[in-house]
2 protein chains.
Amino acid sequence: MDASGEHREQSVETHRSLKDYMDARRPAVEAALEEACRDRAGVPERLAAAIRYAVLAPGKRLRPMLTIMAAEACGGDVAGAMPSAVAIEMIHAYSLIHDDLPAMDDDDLRRGRPTTHIEFDEATAILAGDALQSMAFAHLHQSTPDVSRSAALIGTLVTASGPAGLVGGQADDLDAEKRTVEDFGGPDSALKHLEAIHQRKTGALFMACAAMGAISAGADSRAVSALTDYAKAFGLAFQITDDLLDCTSTDEQLGKRTGKDDGRGKLTYPGLMGLDRARAHAKATICTAHESLQLFGATAQRLTELADFVLERTN
Amino acid sequence: MDASGEHREQSVETHRSLKDYMDARRPAVEAALEEACRDRAGVPERLAAAIRYAVLAPGKRLRPMLTIMAAEACGGDVAGAMPSAVAIEMIHAYSLIHDDLPAMDDDDLRRGRPTTHIEFDEATAILAGDALQSMAFAHLHQSTPDVSRSAALIGTLVTASGPAGLVGGQADDLDAEKRTVEDFGGPDSALKHLEAIHQRKTGALFMACAAMGAISAGADSRAVSALTDYAKAFGLAFQITDDLLDCTSTDEQLGKRTGKDDGRGKLTYPGLMGLDRARAHAKATICTAHESLQLFGATAQRLTELADFVLERTN
């Protein structure tokens, strides 16, 4: 077997064990999400149904997995990380509902199903997103009896979700759609702008996953900081590969509309750098992610594999 | 002077002193709101402008005032109540932005100015609302160093804002617009339904004002509970008088579109009870509010006056 064949073998093996790991943890995540979204007194039926539809849509649960892996890297366990994992997934679900709205990205397909405003209606979708944001903070508050830890977790999540995080990234992303590469002063400036958008739009929440997983395990600030660095690089690589997938896959493969980025003249990594350079950039970013894990050794094995997995999606 | 003239004299006097009281406290509230909405790194300019536009719109600041009065009734002060007052006003501003959206109440005028989605655009309005919700929790988190108190305040506000509070009330309100009085099983059932809507749509946040004001003053659970009862009655009376004003005022008087409720066939107190019975109901509800204050004596004087003020808006 030649070297490249050997690498392929190893990569398949890593995938299998990472897949096993994620498959083993997913039922607990799904059960916790189900429980967090079950019917409660005073919640209108249709609103509750829209909330469940959005949160319980089939998905990889990448953010909860990252949260759990970060906790485990710091000696924590699944149960300790679960309140953070659930809260983050709720914030993620709310942001997808609102991003898909006609006034925003106007998407009708998400995870292979109609988006929430198509399945229900626009008003219900807006309100389901609003409700999920408050439910995320309520869940953290109610599930973390240690008030100091609860405060640290809530503080981390509000910063990631707010106008200098998730919401700001989406606002700048929508704004960028109205501008050309020349408006930004050429490809290099546009690339910096794109990176700043993604650092908030997707990166901030990945960083919160890592930080909150670590905090929930009682990690010290050095570990929280190293894992946040990992997640920053991980999130960037994730976005680059997402852009790559958008221009090389079909709707059926991804369960959402593809080729939209290009049709809209949207800033993307392959659009600004070309496919090959974008792939190389993703690879270099994953190297940075690996380096951030040096502090941890074997406990961070799954995080190393998760970074590799993101990269290999596009190979 | 006859008895009725005497009552009128006294009422004008109460108003003047309540007005003086609110005028004296409003600049501190405005300054705190300005500070909470000032430019921050990473927040897109247009988003920040929309947030400021919505929060700093001229208004009575009824919710911050109620929060401060509740704190004072429990021996607290303005400074201690201010983080709660600001956070609640941010939640209130976010809910107004989203309620005014075309997919919701579709309003173009609010506090005498174009609504946020008219002045900016729909996407920016949705995002400004989203940002304000997280900013409210971030503000409470950052401004309350005592983690136990911060947890109690955040817990109170998330419950009031969530799907069994503010958001649920708005969802049921929109749903009720599609139904007739007969769909509810006649006027009495419709009235119960209307009360359940308002208890969440406006009542929950008024109750949070009173509870959070009391908590910020370190009040015991008996005082928190009495003030919450007061605010529940206050909120109900407020809504009844709001309905009365909608059908008896002009756009110019209120700074928003009036007569809309009737045009839409919306459930309202005067619509279901007639003007006179609705006025009597508001009066009885204010009596309940007064009774809830018996625990406090003189420190609750402003809360007594505030309840009277709500009632007298429609006389």
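Here the residue numbering is sequential within each chain, running from 1 through the sequence in written order. Each chain takes a letter, starting from A, and each ligand takes a number, starting from 1, following the order in which they are written. In keeping with the model being predicted, local features are shown solely for residues with a pLDDT of at least 70 and side-chain atom pairs are shown and tallied solely at 80 or more, while totals for entire chains, interfaces and linings include all residues. Computation of side-chain values: all heavy atoms of the structure, hydrogens and water removed.

With an unreviewed UniProt entry as reference, chain A is termed Octaprenyl diphosphate synthase, source organism Rhodopirellula islandica. Its UniProt record, at the heading Sequence similarities (unreviewed entry), says of chain A: "Belongs to the FPP/GGPP synthase family." Of the comments in the UniProt record for chain A, the one headed Cofactor (unreviewed entry) reads "Mg(2+)". UniProt positions are given in the numbering used here, feature names are shortened, and annotations may be inferred rather than shown by experiment.

Per the secondary structure count, chain A includes 15 helices and two strands. Only the protein chains shown count as cover for residues, and all accessible areas are computed by the Shrake-Rupley method using a 1.4 Å probe. For chain A, the accessible area works out to roughly 12700 Å², and carbon and sulfur atoms hold 50% of it. The way it works is that DSSP assigns letters per residue, a run of H or I at least four long becomes a helix, a run of E at least two long becomes a strand, and they are numbered from the N terminus.

Residues and elements named next belong to chain A. In contact at an axis separation of 7 Å, helix H9 (residues 187–216) and helix H10 (residues 221–248) are set at 140° when each is read in the N-to-C sense. Classified by the angle their axes make, H9 and H10 are oblique. Every pair of crossing elements has a handedness; the one defined by H9 and H10 is right-handed. Judged by residue contacts, Glu195, His198, Gln199, Thr202, Phe206, Met207, Ala210, Ala211, Ala214 and Ile215 of H9 engage Val224, Leu227, Thr228, Ala231, Lys232, Phe234, Gly235, Leu236, Phe238, Gln239 and Asp243 from H10. The class makeup of the residues in the contact of H9 with H10 is twelve nonpolar, six polar and three charged. Helix axes are fitted to C-alpha atoms over the stretch in contact, other axes to C-alpha atoms as well, and angles between N-to-C directions run from 0 to 180 degrees. Roughly parallel means an angle under 35 degrees; roughly antiparallel, over 145; roughly perpendicular, 65 to 115; everything else is oblique. Rotating anticlockwise by less than a right angle from the far helix to the near helix defines a left-handed crossing, while the corresponding clockwise rotation defines a right-handed one. Whether two residues are in contact is decided by their heavy atoms: any pair within 4.5 Å suffices. The nonpolar class holds Ala, Val, Leu, Ile, Met, Phe, Trp, Tyr, Cys and Pro. Asp, Glu, Lys and Arg form the charged class, and all remaining residues, Gly among them, are polar.

Residues and elements named next belong to chain A. Here helix H14 (residues 275–291) crosses helix H15 (residues 301–312) at 175°, and the two axes come no closer than 10 Å. On the basis of their axis angle, the class for H14 and H15 is roughly antiparallel. Mapping the contact onto sequence places Ala282, Lys283, Ile286, Ala289 and His290 in H14 and Thr304, Ala307, Asp308 and Leu311 in H15. By residue class, the composition of the contact of H14 with H15 is five nonpolar, two polar and two charged.

Let us now look at the interface of chain B and chain A. How big an interface is tends to be stated in terms of accessible area lost as the parts join. Every contact between the two is made by 40 residues of chain B and, on the other side, 40 residues of chain A. Each reported salt bridge corresponds to a side-chain nitrogen of Lys or Arg within 4 Å of a carboxyl oxygen of Asp or Glu. Linking chain B to chain A there are zero salt bridges. Distance and chemistry together define a polar contact, namely a pair of N or O atoms within 3.5 Å, with one atom able to donate a hydrogen and the other to accept it when in protein, and with adjacent residues in sequence counting only for side-chain atoms on both sides. The interface formed by chain B and chain A holds ten residue pairs in polar contact (both at pLDDT 80 or more) in total. Secondary-structure elements contributing two or more residues to the side of chain B that touches chain A are helix H2 (45–55), helix H4 (78–99), helix H6 (122–143), helix H7 (147–161) and helix H8 (166–177) of chain B.

A few words now on the packing of aromatic side chains. Put simply, two rings from Phe, Tyr or Trp (the six-membered ring, in Trp's case) pair if the centres are within 6.5 Å, and we call them stacked under 30 degrees between planes, edge-to-face over 60, tilted for the rest. With the rule as written, the count across this model stands at eleven aromatic pairs over all chains. Between Tyr53(A) and Phe120(A) the ring centres are 5.6 Å apart and the planes differ by 70°, which places this aromatic pair in the edge-to-face class. Taken together, the residues span a long stretch of sequence, with Tyr53(A) in helix H2 (residues 45–55) and Phe120(A) in the loop between helix H5 (116–119) and helix H6 (122–143) at a distance of 67 residues. There is no split in this pair, since Tyr53(A) and Phe120(A) are both buried. Ring centres of Tyr230(B) and Phe234(B) lie 5.8 Å apart, and the angle between their planes is 20°; on these two criteria the pair is classed as stacked. With Tyr230(B) and Phe234(B) both in helix H10 (residues 221–248), this residue pair falls four residues apart, about one helical turn. Buried residues are those whose accessible area, probed at 1.4 Å on protein chains only, stays under 20% of the maximum for their type, while exposed residues exceed 50% and partly exposed ones sit between those limits.

This part covers the relation of the copies chain B and chain A. Of the two same-sequence chains, chain B is brought onto chain A (RMSD 0.0 Å, axial shift 0.0 Å) by a rotation of 180°. The transformation just described matches what one would write down for a two-fold rotation axis. Judged by C-alpha distance, Val147(B) is the residue of chain B that lies nearest the rotation axis, at 3.1 Å. Residue by residue, 100% of the interface of chain B is reproduced at the interface of chain A, so both copies engage with the same surface. What sets the superposition is a least-squares fit of C-alpha atoms, and only residues with pLDDT of at least 70 in both copies go into it.

This part is about helix H3 (residues 62–73) of chain A. Given 3.6 residues per turn, any residue in an α-helix points the same way as the ones three and four places further on. All names here are of chain A. Across its twelve residues, H3 extends 16 Å between first and last C-alpha, which sits within 8% of the 16 Å expected from 1.5 Å per residue. When you tally the buried positions in H3, you get twelve out of twelve residues, the bulk of the element. A positive phi of about 85° marks glycine 75, the residue just after H3. An expected span of 1.5 Å times one less than the residue number is assigned to each helix.

Turning our attention to unusual backbone geometry. A positive phi angle is found at Arg111(A), which is not glycine, with a value near 50°. Note that Arg111(A) resides in the loop between strand E1 (109–110) and strand E2 (113–114). The phi angle at Asp106(B) is positive, at roughly 50°, despite the residue not being glycine. Looking at where Asp106(B) falls in the secondary structure, it is placed in the loop between H4 and strand E1 (109–110).

Here we come to the pattern of salt bridges. Any two side chains of opposite charge can pair, given that their charged atoms come close. The final tally for this structure, using the stated rule, is 28 salt bridges over all chains. One salt bridge connects Asp100(A) with Arg110(A), and the closest N-O pair in it is separated by 2.9 Å. With a gap of ten residues between them, Asp100(A) in the loop between helix H4 (78–99) and E1 and Arg110(A) in strand E1 connect regions that are remote in the sequence. In this structure, Arg302(B) engages Glu305(B) in a salt bridge whose closest nitrogen and oxygen atoms are separated by 2.8 Å. Of this pair, Arg302(B) and Glu305(B) both sit in helix H15 (residues 301–312), three residues apart, which is roughly one turn of the helix. Looking at Arg302(B), the relative accessible area reads 24%, which means it is partly exposed. Connected through salt bridges with shared partners, the residues Glu30(A), Arg61(A), Glu89(A) and Arg111(A) form a single ionic network.

Quick look at the environment of Ser221(B) now. Counting through the fold element by element, Ser221(B) comes out in helix H10. When the C-alpha positions of Ser221(B) and Ala211(B) are compared, they lie 9.3 Å apart, and in sequence the two are ten residues distant.

Turning our attention to the environment of Arg149(B). Residues and elements named next belong to chain B. For arginine 149, the location among the structural elements is in helix H7. Distance in space between the C-alpha atoms of arginine 149 and serine 216 is 7.2 Å, their sequence separation being 67 residues. For arginine 149, the contacting residues outside a window of four places in its chain are Thr144, Ile215, Ser216 and Gly218.

Counting 211 residues, the largest nonpolar core has Leu157(A), Tyr230(A), Leu306(A), Leu157(B), Tyr230(B) and Leu306(B) as its most contacted members. The residues contacting Leu157(A), other than those within four sequence positions of it, are Ala87(A), Ile88(A), Ile91(A), Ala136(A), Phe137(A), Leu140(A), Leu205(A) and Met212(A). Remark: nonpolar core denotes a set of buried residues (Ala, Val, Leu, Ile, Met, Phe, Trp, Tyr, Cys) joined through side-chain atoms within 4.5 Å.

What follows is about H4(A). Look at H4(A): 30 Å from first C-alpha to last across 22 residues, which is about the 32 Å you get at 1.5 Å a residue. The buried count for H4(A) comes to 20 of 22 residues, which makes it a mostly enclosed element.

Mapped onto the elements of the fold, Gln133(A) is located in helix H6. On the basis of relative accessible area, Gln133(A) is assigned to the buried category, the value being 0%. A distance of 3.2 Å separates the side chain of Gln133(A) from the backbone oxygen of Asp130(B), its partner in a polar contact. Residues within four places of Gln133(A) in sequence aside, it is in contact with Ile91(A), Tyr94(A), Ser161(A), Asp130(B), Gln133(B) and Ser134(B).

Here we take up the side chain of Thr144(A). Residue and element names in this part refer to chain A. Note that threonine 144 resides in the loop between H6 and helix H7 (147–161). A polar contact of 2.7 Å, which involves the side chain of threonine 144, links it to the backbone oxygen of leucine 140. With residues near it in sequence (within four places) discarded, threonine 144 still touches Pro83, Arg149, Ser150 and Leu153.

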